[in-house]
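Fold and geometry: a report
Residue strings, one per chain:
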Amino acid sequence: MTEPSVYLDSLPDAVAALLRAVHEALDIPLPDVTDADERAYATLLQGRSISARVILAGVLQDGHNVGRAAESLRLWTAERPVTYTPWTDDGGAS
């Protein structure tokens, strides 16, 4: 049986906000080629991934409020900003 099509604009606002917050948390720029930048990227991605998993577990397993979960994830993401040099399209660091 085929599932019905569901689009973002048909979801409750809080659910869409949570999806956006997860995307924003995990959508970080690639690092420059230095070892330090690559380590910082890996550490940041791991930390933000853990935060996203904790938030999603709270919603899916513990029934947390979806809107508050999105807000919390945004706050946690802001506490872990990109501090490494991102890679740029022109073949080098920005």
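**Focus: helix H3 (residues 66–78)**
For H3, which comprises 13 residues, the first-to-last C-alpha distance of 18 Å matches the rise-based estimate of 18 Å (1.5 Å per residue) to within 8%. Among all positions of H3, only Ala69, Ala70, Leu73 and Thr77 are buried. Burial along H3 is one-sided: seen end-on, the buried residues are contained in an arc of 100°. Exposed and oriented more than 90 degrees from the buried face of H3 are Arg68, Glu71, Leu75 and Ala78. The inward-facing, buried residues of H3 contact helix H1 (13–26) and helix H2 (35–62). Between the side-chain oxygen at the start of H3 and the backbone nitrogen of glycine 67 there is a gap of 3.0 Å, and the oxygen is on asparagine 65.

**Looking at the pattern of salt bridges**
Evaluation of the coordinates by the stated rule reveals one salt bridge. Among the ionic pairs, glutamate 24 bridges to arginine 74, the shortest N-O distance being 3.2 Å. Of the two residues, glutamate 24 is situated in helix H1 and arginine 74 in helix H3; the sequence distance between them amounts to 50 residues. By relative accessible area, glutamate 24 is classed as partly exposed at 39%. Under the relative-accessibility criterion, arginine 74 is labelled partly exposed at 34%.

**Some points on the packing of H1 against H2**
Where H1 meets H2, the closest approach of the two axes is 9 Å, and the angle between their N-to-C directions is 160°. Classified by the angle between their axes, H1 and H2 sit roughly antiparallel to one another. The element H1 and its partner H2 pack so that their crossing is left-handed. Together, Leu18, Val22, Glu24, Ala25 and Leu26 of H1 and Leu45, Arg48, Ser49, Ile55, Leu56 and Val59 of H2 make up the contact between the two elements. Per-class residue counts for the contact of H1 with H2 are eight nonpolar, one polar and two charged.

Parameters at a glance
Residues numbered from 1 in each chain as written. Predicted model: local features only at pLDDT ≥ 70, side-chain atom pairs only at ≥ 80, totals over all residues. Heavy atoms only, no water. Helix = DSSP H or I, 4+ residues; strand = E, 2+ residues; numbered from the N terminus. Expected span 1.5 Å × (residues − 1). Buried < 20%, exposed > 50% of the residue type's maximum accessible area, 1.4 Å probe, protein only. Arc of directions from axis to C-beta. Contact = heavy atoms within 4.5 Å. Polar contact = N/O pair within 3.5 Å; in protein donor to acceptor, adjacent residues only side chain to side chain. Salt bridge = Lys/Arg side-chain N within 4 Å of Asp/Glu carboxyl O. Axes fitted to C-alpha atoms, helices over the stretch in contact; angles between N-to-C directions. Parallel < 35°, antiparallel > 145°, perpendicular 65-115°, else oblique. Left-handed = near helix turned anticlockwise from the far one by under 90°. Nonpolar A, V, L, I, M, F, W, Y, C, P; charged D, E, K, R; others polar.

Read these as spatial facts, not as claims about activity.
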